[in-house]
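Below, each chain spelled out in residue letters.
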Amino acid sequence: DGGSDQSLRRSLADLGARLETMRGDSGRVQGLIDESQHHSKKLSKQIDSLELELDFKLSQINENLTDLANRINFIEKHLSIEKPKFSKRSSPADEKYEKIEGGGTEIIKEELPNYKLLYQTAYENLKKGMVESAKENFKEFIKLYPKTELTDNAQYWLGECYYVQGNYEDAILEFDKVIHNYPEGDKVKGALLKEGLAFYYLGDNENAKIILQRIIKTYPRSPQAKIAKKRIEEIK
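Since the model is a prediction, treat every value here as computed from it, not as a measurement.

Rules used throughout
Residues numbered from 1 in each chain as written. Predicted model: local features only at pLDDT ≥ 70, side-chain atom pairs only at ≥ 80, totals over all residues. Heavy atoms only, no water. Helix = DSSP H or I, 4+ residues; strand = E, 2+ residues; numbered from the N terminus. Buried < 20%, exposed > 50% of the residue type's maximum accessible area, 1.4 Å probe, protein only. Polar contact = N/O pair within 3.5 Å; in protein donor to acceptor, adjacent residues only side chain to side chain. Contact = heavy atoms within 4.5 Å. Core = buried A, V, L, I, M, F, W, Y, C linked by side-chain atoms within 4.5 Å. Expected span 1.5 Å × (residues − 1). Arc of directions from axis to C-beta.

Participant: What should I look at first to understand the side chain of Glu 174 in this one?
Facilitator: Along the polypeptide, Glu 174 turns up in helix α5 (residues 168-181). On the basis of relative accessible area, Glu 174 is assigned to the buried category, the value being 11%. Only 2.6 Å separates the side chain of Glu 174 from the side chain of Gln 155, close enough to count as a polar contact. Leaving out residues up to four positions away in the same chain, Glu 174 has contacts with Gln 155, Leu 158, Gly 159 and Tyr 162.

Right, here's the structure in full:
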């Protein structure tokens, strides 16, 4: 019986040692899982940052194309006017012309309206990484010029200012204004995506999924829908 007791004690001791080893292994595995999740989320943020940069560049190209188209239209309207001589510092794209007595023309410097100047200032500040200045500029623009063709863009970029600063709560509020105040604008898809991603980074997966699924349903063939699908898979 004494031998049996000793054998039982040894077995229990071995079992206890194995249990401790298993606990240690379990802790290491959990640590690896946590580290993997951390790196996964970090990678997701890096991807979002690249997507934001791409979105920014595309918007910049679109705005430049719009400006170029406006200049071309302006020149076409004046093709019937005698072409004036230009100084080395001027070019047809930068000037506008008016008829004067005697049948000639005079060159009048074309000035941007105040609201376009303010928008340009805000946009340039954002491009340069002066986010706080850009944010104040866009706020002023929206307050002073609530009904221009650029107001929905200004509202969107204001949301981006908060987004790049990691202030996701305020970013959501500003993107939501794009969606509800300018439903026919071209920034709605982008605003929906960024709003969904902002909820994702706040850890609110439920609202993130609702908004991302809305993008997929409403704009199924858009680049935003493709990104939304990737994020929903991560949430699952």
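Participant: Looking at this structure, I do not really get the nonpolar core. What am I missing?
Facilitator: Grouped burial of nonpolar side chains is what soluble globular proteins tend to show. With 43 residues, the main nonpolar core has Tyr 119, Phe 138 and Tyr 163 as its most contacted residues. Of all elements in the fold, only α2 (114-127), α3 (131-144), α4 (151-164), α5, α6 (188-201), α7 (205-218) and α8 (223-235) reach the threshold of two or more residues within this core. In terms of residues, this core owes the most to one element, α6, which gives nine residues. For Phe 138, the contacting residues outside a window of four places in its chain are Tyr 119, Ala 122, Tyr 123, Leu 126, Ala 154, Trp 157, Leu 158 and Cys 161.

Participant: Could you clarify how one ought to interpret α8 in this entry?
Facilitator: Quick reminder: α-helices carry 3.6 residues per turn. Residues three or four places apart thus point the same way. Relative to the 18 Å expected for 13 residues at 1.5 Å per residue, α8 spans 19 Å between its end C-alpha atoms, a close match to the ideal helical length. Within α8 the residues assigned to the buried category are Gln 224, Ala 225, Ile 227, Ala 228, Arg 231, Ile 232 and Ile 235. The buried residues of α8 occupy one face: seen down the axis, they fall within an arc of 160 degrees. Structural note: α8 exposes Pro 223, Lys 226 and Glu 233 on the side pointing more than 90 degrees away from its buried face.

Limitation: the analysis is restricted to geometry and does not speak to function.
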